[in-house]
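Listed below, chain by chain, are the residues.
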Amino acid sequence: GIGSEFYFSARFGLQHKHEPERMIGIDKLSGKNLLFINDNARASKAISAMLAALNLNVHGLMSSPVLLAELKTVLSKTRIDLLLIDAQLTGAQPLADNGFELLPKLTLIPELKQVPVIMMLPASADEEMLATAESLNLTGVLIKPLLAAQLPHAVKEAIGQQGTAKLLAYKA
């Protein structure tokens, strides 16, 4: 073929000046305390390393029957600035069967009542799971598997929100 020629004209207006949303800088994260609750040792190690690279003080707890006792120990020593929790927790029985059930119980603890929360959901999360997450008044949602760039952005956004609910979803 010889191809085709197309002619068109278009009118473009000027974009209104847009002020970007202010996001807290990485330097502002230094020294902040993040509580990370997970049930997978390998994933916990990897995510904790990513968080520590942001100069966060990471307090990692494994989901287990003694989770509340360990949590009370952490809370007696430090103020938590952000909670990162896995939706698919196992092993915290009889307290809860998963992160969705555990989170409301954690937010009854006075020291965690106003703490922003990011929940990690599986890549297979369906509409029901997303609706459940949204009903929990989360600050953010991360979809696993996590990309290295997602975590710092979500943490900065959540800490910058200072506990106000704004559901931020980051998908791989």
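Structure: see above.
Scope of this entry: the structure provided in the associated data block. (Residues numbered from 1 in each chain as written. Predicted model: local features only at pLDDT ≥ 70, side-chain atom pairs only at ≥ 80, totals over all residues. Heavy atoms only, no water.)

1. Observations concerning the pattern of salt bridges
Next, step 1: Applying the stated criterion across every chain, the model contains two salt bridges.
Next, step 2: Residue D81 pairs with R79 through a salt bridge whose shortest N-O separation is 2.6 Å.
Next, step 3: The shortest N-O distance in the salt bridge between D86 and K144 comes to 3.1 Å. Taken as a pair, D86 in strand β3 (residues 82-86) and K144 in the loop between β5 (140-143) and α5 (150-161) lie far apart in primary sequence, 58 residues in all.
Next, step 4: Residue D86 is classed as buried on the basis of its relative accessible area, which comes to 4%.
Next, step 5: K144 sits in the partly exposed class, given a relative accessible area of 22%. (Salt bridge = Lys/Arg side-chain N within 4 Å of Asp/Glu carboxyl O. Helix = DSSP H or I, 4+ residues; strand = E, 2+ residues; numbered from the N terminus. Buried < 20%, exposed > 50% of the residue type's maximum accessible area, 1.4 Å probe, protein only.)

2. Notes on the environment of L112
Next, step 1: Assignment of secondary structure puts L112 in the loop between α3 (99-106) and β4 (117-121).
Next, step 2: Exposure remark for L112: the relative accessible area of 2% places this residue in the buried category.
Next, step 3: With 77 residues separating them in the primary sequence, L112 and L35 have C-alpha atoms 10.0 Å apart.
Next, step 4: The residues touching L112, leaving out its near neighbours within four places in the chain, are L35, L71, L75, I80, L106 and T107. (Contact = heavy atoms within 4.5 Å.)

3. Looking at the side chain of S63
Next, step 1: Relative to the helices and strands, S63 resides in the loop between β2 (57-62) and α2 (67-77).
Next, step 2: Judged by relative accessible area, which is 10%, S63 ranks as buried.
Next, step 3: The residues touching S63, leaving out its near neighbours within four places in the chain, are N38, D39, L89, T90, G91 and A92.

4. Details of unusual backbone geometry
Working note: non-glycine residues mostly have negative phi, and peptide bonds are mostly trans.
Next, step 1: Residue P145 follows K144 across a cis peptide bond; omega there is 0°.
Next, step 2: Positionally, P145 belongs in the loop between β5 and α5.
Next, step 3: Residue N55 is not a glycine yet carries a positive backbone phi of 65°.
Next, step 4: The residue N55 is located in the loop between α1 (41-52) and β2 in this model.
Next, step 5: Positioned with a positive phi, N137 is a non-glycine residue whose angle comes to about 60°.
Next, step 6: Position of N137 among the secondary structure elements: in the loop between α4 (127-135) and β5.

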